[in-house]
Amino acid sequence: MSPVVRIARREALEMWRDGRLVAAALIALALLATAFAIDWQRQQTYEIERRAAQALDYDTWLKQSDRHPHDAAHQGMHVFKPLPALASIDPGITPYAGSTIWLQAHRQSEMRFRAVQDATGLQRFGNLSVAWVLQVLAPLIVIVLGFNMLSGEREQGTLKQTLSLGVRLRDIVFGKALALVSAITLLLSPALIALIVAVATSERASDDGLRAVALAASYAAYFAIAVAVVLAISALARSSRASIAWLLALWIVGVTLLPRAAADLARELYRSPSRAEFSKALDGELSAAHEAAWKREFSTTKRWGTELPLARWGEALRLDDRVGYEVMDKHFAALWQSFADQQHAQALAGTATPILALRKASMSLAGTDFASHRHFAQAAERHRRTMQDIISEDLVHHADPRGAGHFDYQANHDLWEKIPPFNYAPPNMATAIKEAGISLSALALNLAFAFCFLAFALRYRARRLL
Amino acid sequence: MLETRSLCKRFGETLALDRVSLSVKPGEIYCLLGANGDGKTTLINVFLGFLTSDGGEALVDGLDVARNSLATKARLAYIPEQVMLYGALTGIENLRYFAALATGTEPSATDAERLLTAAGLDAAATRRRVATYSKGMRQKVGIAVAMAKGARALLLDEPTSGLDPKAAAEFSQLLRRSRDEGVAILATTHDLFHAKQTGSRIGIMRQGSLVEEVSAADLSHADLEALYLEHMR
Ligand SMILES: Nc1ncnc2c1ncn2[C@@H]1O[C@H](COP(=O)(O)OP(=O)(O)OP(=O)(O)O)[C@@H](O)[C@H]1O
Ligand SMILES: [Mg+2]
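Quick caveat: nothing in here was measured; it's all calculated off a predicted structure. (Residues numbered from 1 in each chain as written. Chains lettered and ligands numbered in written order. Predicted model: local features only at pLDDT ≥ 70, side-chain atom pairs only at ≥ 80, totals over all residues. Heavy atoms only, no water.)

### Section: the sheet that holds strand 5 (residues 63–64) of chain B
All names here are of chain B.
Thought 1: Pairing within the open sheet is antiparallel, and its 4 strands lie in the order 2-1-4-5. With partners counted over all chains shown, the strands left at the sheet margins are strand 2 (14–24) and strand 5, one partner each.
Thought 2: Direction of pairing for strand 1 (residues 2–11) relative to strand 2: antiparallel, over a ladder of 7 bridges. Paired with Leu7 across the bridge in strand 2 is Val20.
Thought 3: Taken strand by strand, helix 1 (residues 40–47) contacts strand 1, strand 2 and strand 4 (55–60), and its axis lies near 115° from that of strand 1. (Pairing = 2+ DSSP bridges. Helix = DSSP H or I, 4+ residues; strand = E, 2+ residues; numbered from the N terminus. Contact = heavy atoms within 4.5 Å. Axes fitted to C-alpha atoms, helices over the stretch in contact; angles between N-to-C directions.)

Below, the structure written as C-alpha cells:
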C-alpha cells in the first residue's frame, strides 16, 4: 500500500470517528434528497400535464366549428415548453421564464424572461435544487472537512513527525486530497443517484445520458478545484484559524459577491430594455412599417378601415403580417442578443470565480439555460408564422374572390388540418456543448489555476516546515 | 554515522548554531547538554532537514542532509520532546500507521502491541484512544515507533522529559540495547544524571557553539555538574 493510500485511510478514519463525516453526510443527504424529490416530482407532473395540454390544444383547434379563418387565428393555439429530464437536477432559468406561449394573429408573444442573474447564490435559496446544493453548499462542506488538514497537523506537530519518517510532503498532501475526494464523493453520492434516476425516468428519447456524464464531469472538476484550493490555503496558512478565515472569506467573495457583481456588470455592459421600453420601440417601428406598406399597396395609412376593399382583405392580412415579421425579428433579435451577451459576459467572469462557469455550463448541459429557452421561443414563433401564412393564403384564394362577401367565407376542418401540430425538438447535446464552450473552458482554466496554486503552496511550505 | 562540519544556522540576529562540528559513531550515545535556547533543537532540526543550514554541512551515514533529505531520513528515527499522535486513534493504530509509513510494511496488531509494551506501555492502554494518554504514555508510543523503524541513527530531543523515573530507567535500558546493536544515538537532555548514566560521550553547547566534549567514563557525576556550571557562568 502506498503512503498516499495509508494517509488517506487514516484521515478518513479520523473524520469518521470524530463525527464530522456523519454530520456532513446527514446534512447533504437531507438537502439533496429534498431538492431532488421536489424538482423531480415537479418535472414529471409537468411533463405529463404538458403532453396532455399540448394534445388537447391541437385537438380543440381541429375540432373548432366552421368559421372565418382570421377568427380562428385570433383564438390561436398554445404551445408548451417541454421540461428536460435534467431540469430535476438543475432547473436553470425555468422558474424565471415562461413555459407557455400563445400563438395568435398579428403579434409575436413577448417572451417572459426575468434574468436569472438577478438571483445570486443565497437568494436562490428559495429555489432549492440539487445544482444549488452542489454549487453553493458543497464547497462549504469541502472547507469544513479540509481547512485544518495541513494547518492542523502543523500546529499539532504530527506533520513534523510524519515527515521525519521519510514521507514526502507531496504524498501527505495527496493522501489528504484522496481522503477529501473520497469523503465528498460519499457525501454527494445522493446527487449522483439523483442524476441516474433523472436519466432513467426520462421519457423522451434523447441524449440525456450523455448530458448527465458531461454534467457529472463538470461538477467533478468544480469539486477538484475546491479540494485543491482548500488544501493549498491549509498549507499556506499560519494556523487553522487563519485557514478557516481565509477560506470563508474566499467562499463569500467567490460564491456570493463576485457572481452578484458579475451579474450587475453584465447588465450594465449589455443593457436590455425594460418591458415597457421594448413594447414602445417595437410598436413604434411596427406602425411606421405598416403605414408605409399600406400607403404603398392600398394608398391609405389607416389599417383595416373602410378604404380597404373587402376583396383585398386577405391580401392585406398577408402583407401586414410579412411586414411585421421583419420588424419583430429585428427587435426580438436585439432583445435576445442583449440577454445572450449578458450570459456570455457572466460565463467569461467564470474565469474569475468557478461557480459562474459551472452554473452556466450546468444549465446549458441540463438544457435549462437561456439559449434553450430562446430556441423554444423561436420555434414557437416559426409555428405561429406557418399558421398565419396558411390562413392568409387561404383567405386570398377563397375569401377575397367573394368581394363584398369576404366575411361570409367560412373555413372548415380541411383548413384546420393544414396547420401542423407543434412538434418541437429541443437543441441537441452538440449545441449544448457549444453553448457551454466558454464556461467549460473557464472551468478548465480554473482547474489548472487551482492545481498550480496547490503546487506553489506545497513548494512554499516545503521550505518553511517549522 | 552522524556528523556535522562547521555547521552554522542563523535566525535573523541570533546565531543558533555557530560552527558546530561533532561526530557520533555507530554504537555510541552522544548526550548534548546546554541551557535553554543554546541551539540543541536547532541542531536536530538541521539533521532532519526541517531547517537548512547557513554554512557547513550535516551528514548522515556520509550523506549530506541538504541534498539527500529522503535518504537520510530513512536512516534516522526521531523522538521529539513531545511526541504528537492522532488522538482519535488507539495506541496500536498509531503505531501501525507510523511504522507502516516508516518501513513500508504494516506490523500486525500483535506485533504492534508487543512493541508498545516493550517500550513500557501498559497492555490495556494500547487499545485506548491516544487522546486519553498522558504525556509519558505518548512518549512511549514515540519510542516504540522509533524501535519499529529499526533506524541506524536515533535523534532524541529531550526524550525522557515527562517520563517517570522507572520509565526513564527502562528507556535508558532500551537505548543501551540499541547502542549495543550498533545504532548511533544523539540525545539532547537537561538531565546531567541521565547523561552520565547512559552517555558514551557528552557535549556541552553554549549559545550555539559546542564548547566542551568529554567521555562519560572520564568523569564523575559531580565533575560533570561542575564542568557544566562552569560553562554556563
Ligand atoms: N524557527 C525559529 N525562528 C527564529 N528563531 C528560532 C527558531 N528556532 C529557534 N530559534 C532560536 O534559536 C535559538 C536556539 O533555539 P533551540 O530551540 O535550538 O534551543 P534549545 O537548545 O533546544 O533550547 P531548549 O533547551 O529550551 O529546548 C534560540 O535563541 C531560539 O530563540
Ligand atoms: Mg530544545
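### Section: the interface of chain A and chain B
Thought 1: With 23 residues of chain A at the contact, the number on the chain B side is 29 residues.
Thought 2: Both faces considered, chain A and chain B share a buried interface measuring about 2400 Å² in area, 61% of it formed by carbon and sulfur atoms.
Thought 3: For Arg17 of chain A, the salt bridge identified is with Glu93 of chain B, shortest N-O distance 2.7 Å.
Thought 4: Applying the counting rule to chain A against chain B returns 12 residue pairs in polar contact (both at pLDDT 80 or more).
Thought 5: Looking at the side of chain A that touches chain B, the element that brings in the most residues is helix 1 (residues 3–17) of chain A, giving 8 residues.
Thought 6: Classifying every residue of the side of chain A that touches chain B by side-chain character gives 8 nonpolar, 7 polar and 8 charged. (Buried area = accessible area lost by both parts, 1.4 Å probe. Salt bridge = Lys/Arg side-chain N within 4 Å of Asp/Glu carboxyl O. Polar contact = N/O pair within 3.5 Å; in protein donor to acceptor, adjacent residues only side chain to side chain. Nonpolar A, V, L, I, M, F, W, Y, C, P; charged D, E, K, R; others polar.)

### Details of a nonpolar patch on the surface
Residue and element names in this part refer to chain A.
Thought 1: A cluster of nonpolar side chains, Ile252, Val253, Leu257 and Leu258, forms an exposed patch at the surface whose accessible area comes to about 310 Å².
Thought 2: With respect to the helices and strands, the residue Leu258 is situated in helix 10 (residues 240–269).
Thought 3: Residue Leu258 is classed as partly exposed on the basis of its relative accessible area of 32%. (Patch = residues over 30% accessible without salt bridge, like charges linked within 9 Å, V, L, I, M, F, W, Y side chains within 5 Å. Areas by Shrake-Rupley, 256 points an atom, 1.4 Å probe, with all protein chains shown as cover. Buried < 20%, exposed > 50% of the residue type's maximum accessible area, 1.4 Å probe, protein only.)

### Some points on the pairing of strand 3 (residues 29–34) of chain B
Residue and element names in this part refer to chain B.
Thought 1: A large share of strand 3 lies buried, amounting to 6 of its 6 residues.
Thought 2: The pairing of strand 3 with strand 8 (residues 184–188) spans 4 bridges and is parallel. By the bridge assignment, Cys31 is partnered in strand 8 with Ala187.
Thought 3: As defined by bridge partners, strand 3 adjoins strand 9 (residues 201–206) across 5 bridges and the pair is classed as parallel. Looking across to strand 9, one finds that Tyr30 is bridged to Arg201.

### Digging into the packing of helix 10 of chain A against helix 12 (residues 313–349) of chain A
Residue and element names in this part refer to chain A.
Thought 1: In contact at an axis separation of 9 Å, helix 10 and helix 12 are set at 145° when each is read in the N-to-C sense. For the element pair helix 10 and helix 12, the recorded crossing hand is right-handed. Along the contact surface, helix 10 presents Pro259, Ala262, Ala263, Ala266 and Arg267, while helix 12 presents Gln342, Ala345, Gln346 and Ala349.
Thought 2: Class assignment of the residues belonging to the contact of helix 10 with helix 12 gives a composition of 6 nonpolar, 2 polar and 1 charged. (Left-handed = near helix turned anticlockwise from the far one by under 90°.)

### Section: the site of ligand 1
Residue and element names in this part refer to chain B.
Thought 1: Lining the immediate environment of ligand 1, one finds Phe11, Ala16, Ala35, Asn36, Gly37, Asp38, Gly39, Lys40, Thr41, Thr42, Glu158 and His190.
Thought 2: Between ligand 1 and the protein, one listed contact pairs an oxygen atom with a side-chain N or O atom of Thr41 at 2.6 Å.
Thought 3: In this structure, Glu158 approaches ligand 1 through a side-chain N or O atom, which is 3.3 Å from an oxygen atom.
Thought 4: In the complex, 62% of the free accessible area of ligand 1, which totals 630 Å², lies under the protein chains. (Near = heavy atom within 4 Å.)

### Let's talk about the pairing of strand 4 of chain B
All names here are of chain B.
Thought 1: As paired elements, strand 1 and strand 4 share 5 bridges and run antiparallel to each other. Each residue of the ladder has a partner; that of Arg5, found in strand 4, is Glu57.
Thought 2: The antiparallel pairing of strand 4 with strand 5 creates a hairpin that spans 2 residues between the two strands, and Asp61 there sits at a positive phi of about 55°.

### Remarks on the environment of Ala194 of chain A
All names here are of chain A.
Thought 1: If you trace the backbone, Ala194 turns up in helix 8 (residues 189–200).
Thought 2: On the basis of relative accessibility, which here comes to 4%, the residue Ala194 falls in the buried class.
Thought 3: The sequence separation of Ala194 and Ser88 amounts to 106 residues, and the corresponding C-alpha distance is 8.5 Å.
Thought 4: Sequence-distant contacts of Ala194, that is, excluding residues within four places in its chain, are made with Phe36 and Ile89.

### What about helix 4 (residues 130–146) of chain A?
Helical periodicity: at 3.6 residues per turn, an α-helix aligns residues three or four positions apart in one direction.
All names here are of chain A.
Thought 1: Given a rise of 1.5 Å per residue, 17 residues ought to cover 24 Å, and the 22 Å separating the end C-alpha atoms of helix 4 matches this to within 8%.
Thought 2: For helix 4, the principal kink sits at Leu137 and spans about 45°; a proline, Pro139, occurs within the next four residues.
Thought 3: Counted residue by residue, helix 4 has 15 buried out of 17 residues, so it is predominantly covered. (Expected span 1.5 Å × (residues − 1). Bend = angle between axes of the 7 residues up to and from the residue.)

### Quick look at the sheet that holds strand 10 (residues 209–215) of chain B
All names here are of chain B.
Thought 1: Taken in spatial order, the 6 strands make up an open sheet running 6-7-8-3-9-10, and their pairing is mixed. Looking at the sheet topology across the chains shown, the edges are occupied by strand 6 (76–79) and strand 10. Here the strands of the sheet are splayed against their neighbours by 15° on average, with no regard to which way each runs.
Thought 2: Pairing of strand 7 (residues 153–157) with strand 8 involves 5 bridges; the strand directions are parallel. The partner of Asp157 across the bridge, within strand 8, is Thr188.
Thought 3: Its contacts with the sheet put helix 1 on strand 3, strand 6, strand 7, strand 8 and strand 9, and the angle it makes with strand 7 is roughly 145°.

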